[in-house]
Amino acid sequence: MKRALIIATVSGFVSQFEMDHIQILKELGYEIHYASNFYHPHYGIDNHRLDGTGMILHQVDFVRSPFRIWQNWRAYWQLRKLMKEISFQLVHCHTPMGGVLGRLAARKEQKKKGKEAVKIFYTVHGFHFFRGASFKNWLFYYPVEWWLAGITDVLITITEEDYKQAKKFSKIASDHVYHIHGVGVETEQFQNEREFQKEQEKAQYGMEKDTILFLSVGELNRNKNHIMMIRALAKIKDKQMYYFICGEGKERKKLQREIKRFGLEKRVFLFGYQEDISSFLKCADIYVALSYREGLSLGIQEAMAAGLPILASDIRGNNELVIPESGGWLLKPSDKKRLCFILKKIQKESSSDYLGKKGRFNQERIKAYEKAVTNKEMKQIYLENISKGND
């Protein structure tokens, strides 16, 4: 029996992003085990999406912060214990702390059994160091990833910027660094009868046909920067502009206070976490993603597939997806003046096919990121790097 161990810090990660790649490993003959922290679900309120997947689940008390030393030490030894009890031929790590602790524990197994007996994969969903990141991030995270590259057999990136950076790591053979086009998006799911459905969906929320609806999907935290859009709408003071936010997080109360402070209760709405955002995409006019840091946003990709223009921060990942003017607008995540300028331009031009052209451009562009493309890329990486001795 061949066994693969998938590691991610937060339990909802695999069901949200990696199920197609899990299926590839199953087709290659692997029994799939999943190590994560199931006590603190993310990407949902529970772990029900893991039901029926056939994966064998293992609780590991991961935390997201690298500075909680004792908790990380405990999680590391839980992984070591798991790997001693069960022989895994492939260990594939995701997320920053899952990637650190998983690779360290798997390396110990390699030393005992040999590199051909255990293959270590790591998918980078966004290095914490990137163009525009703080000096502190470069000082702390770059040396860690540079060193860990030396114990990684296969390093997979989903953005061009991370790929170029990883290729520079002298501690890993450059031919073991790969780039894939994200985790894949189901383009057809969001394209059917959009214009007809938009009018119907807007009516459900009491909006007129000609209103402009902005949509954001993402955790309610500082990094996602929802507050910047709320404050910009307060300055524009256009009652025909609405803003929907789908997501949950620790900044909910802060955002609610800002909404109330500016009197936006009838224009800005927090819908909480939504497992299915297709109905929101159908009625939205523009997708907003003003994060300070992203990998390759699946939210942006799904919005592009739905034919939406994108208003996004000019950061790693976003600027690989969004072509300024053709498919939307890019701005620095702190540039409030430019955001207001863009909103006024949208306000002025929205009656024409100004938004429609950008949306159609995005629908064509996103075809390079379809699931069929990324699954083919991922399967090829597995086939090239899984040892014949494990077959």
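My aim in this report is to walk through the structure given alongside it, one point at a time.

Turning our eyes to something else, we now look at the side chain of Thr 374. You can see Thr 374 is positioned in helix H14 (residues 371-385). When its relative accessible area of 0% is taken as the criterion, Thr 374 is described as buried. Look past the residues within four positions of Thr 374 in its chain and what remains in contact with it is His 21, His 181, Gly 182, Val 183, Gly 184 and Tyr 369.

The 7 strands are arranged S3-S2-S1-S4-S5-S6-S7 in an open sheet whose pairing can be described as parallel. If you trace the sheet from one side to the other, it starts and ends with strand S3 (56-59) and strand S7 (177-179), each paired once. For this sheet the average axis-to-axis angle between neighbouring strands, irrespective of direction, equals 20°. Taken strand by strand, helix H1 (residues 12-27) contacts strand S1 (2-10), strand S2 (30-37) and strand S4 (90-93), and its axis lies near 165° from that of S2.

With that settled, consider the state of the cysteines. Within this structure, the stated rule accounts for 0 disulfides. Free of any disulfide, Cys 283 has its nearest cysteine sulfur in Cys 246, 8.9 Å distant. Classification of Cys 283 as buried rests on a relative accessible area of 0%.

Another point: the nonpolar core. By size, the foremost hydrophobic cluster in this structure holds 59 residues, and its most contacted members are Tyr 34, Leu 281, Tyr 287, Ile 300 and Tyr 382. Sort the elements by how many residues they give to this core and H1 lands first, with 6 residues. Among residues more than four places away in sequence, those in contact with Ile 300 are Tyr 287, Ala 289, Ile 310, Ala 312, Asn 318, Leu 321 and Val 322.

Turning our eyes to something else, we now look at the pattern of salt bridges. Counted according to the given criterion, the structure contains 21 salt bridges. For Glu 251, the salt bridge identified is with Lys 254, shortest N-O distance 4.0 Å. Judged by relative accessible area, which is 15%, Glu 251 ranks as buried. The exposure class assigned to Lys 254 is partly exposed, which follows from its relative accessible area of 36%. The network of salt bridges with shared partners includes Glu 109, Lys 112 and Lys 113.

The next thing to look at is the sheet that holds strand S10 (residues 268-270). Two modes of strand pairing occur in sheets, parallel and antiparallel, and in both the strands are linked by backbone hydrogen bonds. Pairing is parallel across the open sheet formed by 6 strands, whose spatial order is S10-S9-S8-S11-S12-S13. Sheet topology places S10 and strand S13 (328-331) at the edges, where each strand pairs with a single neighbour. Ignoring which end each strand starts from, the neighbouring axes of this sheet average 20° apart. For strand S12 (residues 310-313) and S13, the ladder comprises 4 bridges, and the chain directions are parallel. Directly across from Leu 311, in S13, lies its bridge partner Trp 329. In this fold helix H7 (residues 226-236) packs onto strand S8 (212-217), strand S9 (241-246), S10, strand S11 (286-289), S12 and S13, with an angle of close to 165° to the strand it touches most, S9.

Moving on, we come to the packing of H1 against H14. Any two packed helices are characterised by the angle at which their axes cross and by the distance between the axes. At a minimum axis separation of 10 Å, H1 and H14 run at an interaxial angle of 45°. The angle between the axes of H1 and H14 places the two elements in the oblique class. Note that H1 runs across H14; the crossing there is right-handed. Across the interface between the two elements, Asp 20, His 21, Ile 24, Leu 25 and Glu 27 of H1 pack against Lys 371, Thr 374, Asn 375, Met 378, Lys 379 and Tyr 382 of H14. Taken together, the residues that form the contact of H1 with H14 break down as 4 nonpolar, 3 polar and 4 charged.

Let's shift gears to the pairing of strand S5 (residues 119-124). With 6 of its 6 residues buried, S5 lies for the most part within the structure. Relative to S5, S4 runs parallel, the two being bridged by 4 bridges. Among the inter-strand pairings, Val 91 is bridged to a residue of S5, identified as Ile 120. This β-α-β element, S4 to helix H3 (residues 96-113) to S5, shows right-handed connectivity. This β-α-β element, S5 to helix H4 (residues 135-148) to strand S6 (residues 154-157), shows right-handed connectivity.

Here we take up helix H5 (residues 160-167). Within H5, burial applies to Glu 161, Asp 162, Gln 165 and Ala 166. The buried residues of H5 all sit within an arc of 130° when viewed along its axis, so they share a single face. Against the buried residues of H5 lie S5, H4, S6, S7 and helix H11 (318-321).

This part is about the environment of Thr 187. Along the chain, the position of Thr 187 falls in the loop between S7 and helix H6 (194-204). Residues Thr 187 and Thr 211, 24 residues apart in the sequence, show an inter-C-alpha distance of 26 Å. Discounting chain neighbours no more than four positions away, the residues touching Thr 187 are Ala 305, Ile 366 and Glu 370. Here Glu 370 takes part through its side chain, which lies 2.6 Å from a polar atom of the side chain of Thr 187.

Cut-off values and rules
- Residues numbered from 1 in each chain as written.
- Predicted model: local features only at pLDDT ≥ 70, side-chain atom pairs only at ≥ 80, totals over all residues.
- Heavy atoms only, no water.
- Helix = DSSP H or I, 4+ residues; strand = E, 2+ residues; numbered from the N terminus.
- Buried < 20%, exposed > 50% of the residue type's maximum accessible area, 1.4 Å probe, protein only.
- Contact = heavy atoms within 4.5 Å.
- Pairing = 2+ DSSP bridges.
- Axes fitted to C-alpha atoms, helices over the stretch in contact; angles between N-to-C directions.
- Disulfide = S-S within 2.5 Å.
- Core = buried A, V, L, I, M, F, W, Y, C linked by side-chain atoms within 4.5 Å.
- Salt bridge = Lys/Arg side-chain N within 4 Å of Asp/Glu carboxyl O.
- Parallel < 35°, antiparallel > 145°, perpendicular 65-115°, else oblique.
- Left-handed = near helix turned anticlockwise from the far one by under 90°.
- Nonpolar A, V, L, I, M, F, W, Y, C, P; charged D, E, K, R; others polar.
- Right-handed = clockwise from strand over helix to strand, strands pointing away.
- Arc of directions from axis to C-beta.
- Polar contact = N/O pair within 3.5 Å; in protein donor to acceptor, adjacent residues only side chain to side chain.

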